[in-house]
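Here's the letter readout for the chains.
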Amino acid sequence: IINTKTKTIVFTEEVELSPTAISFKDMTIYIAASPPSPSGVAGTAATDSRQAGTTKLKDLMEAFRLYKVSAEDRIAIVKQLHDTNALKAELEIQ
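Residues numbered from 1 in each chain as written. Predicted model: local features only at pLDDT ≥ 70, side-chain atom pairs only at ≥ 80, totals over all residues. Heavy atoms only, no water.

Novice: Tell me about the sheet that holds strand β6 (residues 55-56), and name the residues and values.
Specialist: Pairing within the open sheet is antiparallel, and its three strands lie in the order β6-β3-β7. In the strand order of this sheet, the two ends are held by β6 and β7 (87-88), each with one partner. Direction of pairing for strand β3 (residues 16-17) relative to β6: antiparallel, over a ladder of two bridges. By the bridge assignment, L17 is partnered in β6 with T55. (Pairing = 2+ DSSP bridges. Helix = DSSP H or I, 4+ residues; strand = E, 2+ residues; numbered from the N terminus.)

Novice: Which residues make up the nonpolar core, and what values go with them?
Specialist: Within soluble globular proteins, side chains that are nonpolar generally end up buried alongside one another. One finds L17, L57, L60, F64, I77, L81 and L87 to be the most contacted residues of the largest nonpolar core, which totals 18 residues. Mapped onto this core, the elements with two or more residues apiece are β4 (20-24), β5 (27-31), α1 (57-66) and α2 (71-83). Other than its neighbours up to four places away in sequence, I77 contacts I22, F24, M27, I29 and F64. (Core = buried A, V, L, I, M, F, W, Y, C linked by side-chain atoms within 4.5 Å. Buried < 20%, exposed > 50% of the residue type's maximum accessible area, 1.4 Å probe, protein only. Contact = heavy atoms within 4.5 Å.)

Novice: Kindly report on the pairing of β4, identifying the contributing residues and their values.
Specialist: Here five bridges tie β4 to β5, and the two strands are oriented antiparallel to one another. When the sheet's bridge partners are listed, S23 is paired in β5 with T28. Between β4 and β5, which pair antiparallel and follow one another directly, the connecting turn spans two residues, one of which, K25, has a positive phi of 50°.

Novice: Describe the packing of α1 against α2, with residues and values.
Specialist: In the contact formed by α1 and α2, the axes pass within 12 Å of each other and the chain directions differ by 150°. By the criterion of interaxial angle, the relationship of α1 to α2 is roughly antiparallel. Crossing geometry of α1 relative to α2 is assigned as right-handed. Between α1 and α2, the residues in contact are L57, L60, M61, F64 and R65 and R74, I77, V78 and L81, respectively. (Axes fitted to C-alpha atoms, helices over the stretch in contact; angles between N-to-C directions. Parallel < 35°, antiparallel > 145°, perpendicular 65-115°, else oblique. Left-handed = near helix turned anticlockwise from the far one by under 90°.)

Novice: Describe the pattern of salt bridges, listing the residues and the values that go with them.
Specialist: Tallied over the entire structure, the rule returns seven salt bridges. Close ionic contact of K58 with E13 constitutes a salt bridge, the shortest N to O distance being 4.0 Å. Residue K58 is located in helix α1, and its partner E13 is located in the loop between β2 (8-9) and β3; the two are separated by 45 residues in the primary sequence. Relative accessible area serves as the criterion here: at 26%, K58 is assigned to the partly exposed category. The class for E13 is partly exposed, based on a relative accessible area of 49%. In this structure, D73 engages K25 in a salt bridge whose closest nitrogen and oxygen atoms are separated by 2.9 Å. On the criterion of sequence distance, the pair formed by D73 in helix α2 and K25 in the loop between β4 and β5 is long-range, its members being 48 residues apart. Several salt bridges converge on common partners, so that one network encompasses E14, E16, K56 and K88. (Salt bridge = Lys/Arg side-chain N within 4 Å of Asp/Glu carboxyl O.)

Pasting the structure below:
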C-alpha cells in the first residue's frame, strides 16, 4: 500500500523483486537475482537476501535509507517497479 498523502509505503516482509534496472533522477538501481560481490565501488549497496536468488523489497528500502532517498522518490521508484512487473505483489495506491 502506498499512501501518497502521508508518503508512506506499507508492505509485508516477503515481497520480492525481479531482477531489473531502473534509472531515476541521478541514480541507477540494479536489482540482481543474487547480491553482487563487494567491489568497493562508491554508491553501490548490496542487499542481504536470506534466500539465495531473491531480493526483497525490504532490502531495497534499507538501501534507500542508507542513501537518504526521499519518500517521494521511494514512492515513484516502487511505482516504476510495479509498472514493469518487477514488484511481485499487488499495489494499492491511496
